Amino acid sequence: MDRQGRFDTGLHYPYNLLMRIGFGFDSHRLVVGRALIIGGVHVPFDKGLAGHSDADVLLHAIADALIGAAGLSSLGELFPDTDPAYRGADSAALLGKAASLVSEQGYGIVNLDCTILAEEPRLVPFRDAMRDRIAEILAIPATDIAIKPKRGEGMGFVGRKEGIAAMAVVLLNR
């Protein structure tokens, strides 16, 4: 043990190799009368996601993962839905701001792994466009981004086609 009572593993990393993991989650109800935007891409569908901004669940989950990995607050605290400035906001702009805050903390993105939970519509045909758009927003190679659309198999709010959810895990390197 060292003087602070911590176990010494014998592994000592230089400051510039510090890595941090962040997890993000978001979900929104499906409603008639709104465009469906997921991963910064318009997905043709008869419903969209309800929310204060454009309700892009995937970009919100990614932003929350980035913010969490950097030890910052949360997406809701940085961009509150009580602030009229974010009414109808483009989630790509919010993700860009979140990424800038993470960069200001000295972190870069190593990789990003995402899962979208949607019974309908089928999202696999839009996956590459989503990866490209997210890569553009974050200024990282698309090959560092994984997006896996999954179905709810009839279970829960996703399976009942009431909403869509997304999860994201990010690895940062300082």
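Heads up: the structure comes first, above all this text.
Summarised in this report is the structure supplied together with it.

Reading the values: the criteria
- Residues numbered from 1 in each chain as written.
- Predicted model: local features only at pLDDT ≥ 70, side-chain atom pairs only at ≥ 80, totals over all residues.
- Heavy atoms only, no water.
- Salt bridge = Lys/Arg side-chain N within 4 Å of Asp/Glu carboxyl O.
- Helix = DSSP H or I, 4+ residues; strand = E, 2+ residues; numbered from the N terminus.
- Buried < 20%, exposed > 50% of the residue type's maximum accessible area, 1.4 Å probe, protein only.
- Core = buried A, V, L, I, M, F, W, Y, C linked by side-chain atoms within 4.5 Å.
- Contact = heavy atoms within 4.5 Å.
- Expected span 1.5 Å × (residues − 1).

Taken as a whole, this structure holds five salt bridges when the rule is applied. Lys148 is paired through a salt bridge with Asp113; the nearest N and O atoms lie 2.4 Å apart. You can see Lys148 sitting in strand β6 (residues 145-150) and its partner Asp113 sitting in strand β5 (residues 108-117), a full 35 residues away along the chain. Judged by its relative accessible area of 33%, Asp113 is partly exposed. Glu136 is paired through a salt bridge with Arg133; the nearest N and O atoms lie 3.1 Å apart. A residue pair is termed a helical-turn pair when its members lie 3 or 4 positions apart in one helix, as Glu136 and Arg133 do in helix α4 (residues 127-138) at three residues. With a relative accessible area of 56%, Glu136 lands in the exposed category.

A few words now on the nonpolar core. Formed by 48 residues in total, the largest nonpolar core has its most connected members in Leu58, Ile62 and Leu138. Every element with two or more residues in this core is listed here: α1 (57-69), α3 (91-104), β5, α4, β6 and β7 (163-173). The contacts of Leu138, once residues within four sequence positions are left out, are Ile62, Leu66, Leu95, Ala99, Ile109 and Leu112.

What follows covers α1. Taking 1.5 Å of rise per residue, the 13 residues of α1 would be expected to cover 18 Å, and the 18 Å separating its terminal C-alpha atoms lies within 8% of that figure. With respect to burial, α1 is a largely interior element, 11 of its 13 residues being buried. Buried within α1 are the following residues: Val57, Leu58, Leu59, His60, Ala61, Ile62, Ala63, Ala65, Leu66, Ile67 and Ala69. Remark: Gly71 follows α1 within two positions and exhibits a positive phi of approximately 75 degrees.

Read these as spatial facts, not as claims about activity.
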